[in-house]
Amino acid sequence: MIPSRARWKIGEADEAAANELSARLGVDELVARLLAARGWTDPEEAARFLDAEGEDLHDPYLLDGMTEAVRRIRSAMEKKEKIRIYGDYDADGVSSTALMSRLFRSLGADFDAYIPHRVNEGYGLNRQAMKLAAEAGISLIVTVDTGISAREEIAYAGELGIDVVVTDHHEPPAELPDAVAVVNPKKPGCPYPFKGLAGAGVAFKLAQALVGRVPDELADIAAIGTVGDLMPLTGENRSLVKRGLARMRSGSYAGIKALFEVAGIDRNAVNAGHLAFALAPRINASGRLEAADPALRLLVTDDSSEAGELAMSLDLLNRERQRIVDEIAAEALELAGREAEPSGVLVVAKESWNVGVIGIVASKLLERFYRPTIVLSIDPTTGMAKGSARSIAGFDLYEALTACADLMDHFGGHQAAAGMTIAAANLPAFRERLGRIAREKLSAEDYQPVLAADIECGLEDATLGLIKELDRLAPFGAGNPAPRFVFRNLRILDQKSMGKENRHLKLQVVPWTPKGSQKPVAVDAVGFGKGELLDRLSATDRLELLGELSLNEWNGKVKPQILIQDLRVPGVQVFDFRGAARSDRRWASVAKEAGIGVVLFSPEEAETVPEPLRRTASLWLYQRDRGMRLLQEASASADSGHPGFDELKGLVFPALPPSRSALKFVLQEAKQADRLYPVFAFSDEASVLPNREMFKQIYSTLRREGSARQGGIEPIPYLSRRAGLPVPTVRFILDVFEELELIEQVSGDYRCSVSPAKRDLAESLRYQERQQLRRVEEELLYSTANDLTRLLTELREER
């Protein structure tokens, strides 16, 4: 058995609604089921969702404060006032600043742009920046992606004679800043119908209001900010990102083209995933490690040469960011590994970690341990720690931090993510209190991640036509994830690892029970980062996959492909090791599995156990009528003891069992063993069942000559030579005769018994076992892998 990494939450579709959608919209039945499972059951609403290209862009003046913002900005431009755009250093903030810069440039405004330094200044407006603006003769500041909480800083700007127009999308505080205008769809009382705009989205709406039309020329920049800030790709965001992607494919700004070039992206095939995982990280890298200015310059330049140099610089910074993240993550993993409790809140801290990347490290630790996670960097000079936190479903991080407010200097965030500043001396108390809160709030089930799938479908549904039709639901991202499907009852035709250090898994699968009479078409399934599962999968498994469908283009051919998000194998797994040598490399992988036991049917078989198993597996001897006896504990576990036979997780069978009943007993005694490794090695001589003529020949020789020791030759070799039979066969015949009391041993010699009773060979237990061994040999050695799996499964369940 291979359990799934996560709990699968599989959606269900209203079949009647799905049938109506398919008929009314002319879409594939599976697409209709998918729409219905996601709540699009009304055909008209579903049609608008599928075809949205911009009709969902609302009137910008529905945003409260937009009229005042437009009036003040136009006044400043008419009077030639100096305007400063004040942004943020993340992908949304940089995109918002670039969008507003391009807008003001096109309108002929006198402006500049300012993004605070992450380390030196921190997030948002600050008094020193306001003072510098006044000294530069700035009379109007337009914020983008920031400002909603800067009440004191904006009041100070007013004292300096600077007006402020706030455009933001973050949650507003109880008291709003006293600005000339505050534009935020989440502002209390704002009637704007869509609340999920990114900072770049709000800036786009301001641009729409200022130019009096939809500024499609800015949609690509707005799309980067929207996707980069993980905003839900529903409603207006979806329409905006679709417009942006369309512009990128047909032609875009020099900086965006240069980013495509360094990221190796074909702009004709660009999608929201490329924005999230290729463009946004490179833009973010600048603000995380240095200043955000190079990223801003990249998005505002029209010089292709300059754009190429800046894009290359950001690419190098992103590589450096990845190196730093990997380095810190390795240190954090080591610290996390020292924590004894598998539950609670994970809090790791160390001096001088780069505060610009600790949020990424927190996400990596959460993915590894699936626990609420806080990563902090301690300033050795001040003794203060800055931290970034990520949470799991069911644990409200902001609520938990609020309960620890007295221990921190500052904190902020929401249910899933947060940041804080705390004295390093308070960290032990902070860790203890958070752990107590987690124990009160979370159950054991909460510590297993949940993975959502839309619906189940058959592998035969994974056609090129379907995958192309699924693209009508794009762009995919937060709030509108790529469709995920569950595929069951799959057979593995081929399996291999691929990529650097064999980190990835590639399978070729078909249904075990295909529909119809046509030969099933094999589909490739790729699991990135799942290469370690290669040796845990058997060709006889009935596999279940949860994944996304995609197109794989290679050498001019296009094929369907499953991108594996998770997999599981229910029930017992059988790994066909028949014929495997003791030196087979696979034994090293088996030895790494926990709870492996080696089943022996005679003590001599211990010599055949592969070396890797001698160090990690326990050895058990089957004894008829007495059960299983532990011969040897695994040396690696000798100090802590070893699980009992009924607690083992896997069984290795080096040799054939003597009978079907012996194998059945072993399988049923190991109640928890769900991985079976049959080698079933055997000796040709040991399995030979002599015929009656051979028995007659040996008995006649003994009766005629009176003794088996002749001419100084030992009895068995002598009889072997006289009868022309192998020594093991002669020994077996003599053992049967002795059991039936037809012969007796006298001083190492064999002689016929005096007046023996007439006995049938079938009365001998040895003869019966040899008969059974022949049948076992046929069943276990000459069966296909699938038949062997079926037999072992049946024996395990047989009563």
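(A) Examining the pairing of strand E14 (residues 485-498) more closely. As paired elements, strand E13 (residues 455-456) and E14 share two bridges and run parallel to each other. Within E14, the residue paired with isoleucine 455 across the bridge is phenylalanine 485. Here four bridges tie E14 to strand E17 (residues 543-554), and the two strands are oriented antiparallel to one another. By the bridge assignment, phenylalanine 485 is partnered in E17 with glycine 547. Linkage of E14 to strand E15 (residues 504-511), two consecutive antiparallel strands, is achieved through a turn of five residues, within which glycine 499 is found at a positive phi near 85 degrees.

(B) Representation of the sheet that holds strand E9 (residues 384-390). Strand order in the open sheet formed by five strands is E7-E8-E9-E11-E10, and the pairing between neighbours is mixed. Each end of this open sheet is capped by a strand with a single partner; those strands are strand E7 (346-351) and strand E10 (408-413). Taken pair by pair, the neighbouring strands of this sheet meet at an average axis angle of 15 degrees, ignoring direction. Pairing between E10 and strand E11 (residues 417-423): five bridges, direction antiparallel. Counted as the bridge partner of methionine 408 is isoleucine 422 from E11. Against the sheet, helix H15 (residues 358-369) touches E7, strand E8 (373-378) and E9, its axis set at about 50 degrees to E9.

(C) Just the sheet that holds strand E23 (residues 650-655), in detail. What the six strands build is an open sheet, ordered E19-E24-E23-E20-E21-E22; its pairing is mixed. Both outer strands of the open sheet, strand E19 (573-574) and strand E22 (627-632), are each paired with one neighbouring strand and no more. In the sheet, strand E20 (residues 596-600) pairs with strand E21 (residues 618-623) via four bridges, with the strands oriented parallel. The residue bridging leucine 600 from the neighbouring strand is leucine 621, located in E21. Contacting E20, E21, E22, E23 and strand E24 (675-681), helix H21 (residues 660-669) runs over the sheet at an angle of about 155 degrees to E23. The strands touched by helix H26 (residues 785-797) are E19 and E24; relative to E24, the strand with the most contacts, the crossing angle is about 115 degrees.

(D) Focus on the packing of helix H5 (residues 91-107) against helix H13 (residues 293-300). In contact at an axis separation of 9 Å, H5 and H13 are set at 45 degrees when each is read in the N-to-C sense. The pairing of H5 with H13 is recorded here as oblique in orientation. Crossing geometry of H5 relative to H13 is assigned as right-handed. Of the residues in H13, those touching H5 at Val94, Ser95, Thr97, Ala98, Ser101, Arg102 and Arg105 are Ala295, Leu296, Leu299 and Val300. Among the residues making up the contact of H5 with H13, the classes are represented as six nonpolar, three polar and two charged.

(E) Inspection of helix H6 (residues 127-135) at higher detail. Buried residues of H6: Ala129, Met130 and Ala133, and no others. Projected onto a plane normal to the axis of H6, the buried residues spread over an arc of 100 degrees and lie on a single side. Its side-chain oxygen placed 3.2 Å from the backbone nitrogen of glutamine 128, asparagine 126 serves as the N-cap of H6. Looking one or two places after H6, you find glycine 137, whose phi comes out positive at around 80 degrees.

(F) Region of interest: H13. Most of H13 is tucked away: six of the eight residues are buried. Taken together, the buried residues of H13 touch H5, strand E3 (110-114), helix H9 (219-228), helix H11 (254-263), helix H12 (272-289) and helix H14 (304-337).

The rules behind these values
- Residues numbered from 1 in each chain as written.
- Predicted model: local features only at pLDDT ≥ 70, side-chain atom pairs only at ≥ 80, totals over all residues.
- Heavy atoms only, no water.
- Pairing = 2+ DSSP bridges.
- Helix = DSSP H or I, 4+ residues; strand = E, 2+ residues; numbered from the N terminus.
- Axes fitted to C-alpha atoms, helices over the stretch in contact; angles between N-to-C directions.
- Contact = heavy atoms within 4.5 Å.
- Parallel < 35°, antiparallel > 145°, perpendicular 65-115°, else oblique.
- Left-handed = near helix turned anticlockwise from the far one by under 90°.
- Nonpolar A, V, L, I, M, F, W, Y, C, P; charged D, E, K, R; others polar.
- Buried < 20%, exposed > 50% of the residue type's maximum accessible area, 1.4 Å probe, protein only.
- Arc of directions from axis to C-beta.
- Polar contact = N/O pair within 3.5 Å; in protein donor to acceptor, adjacent residues only side chain to side chain.

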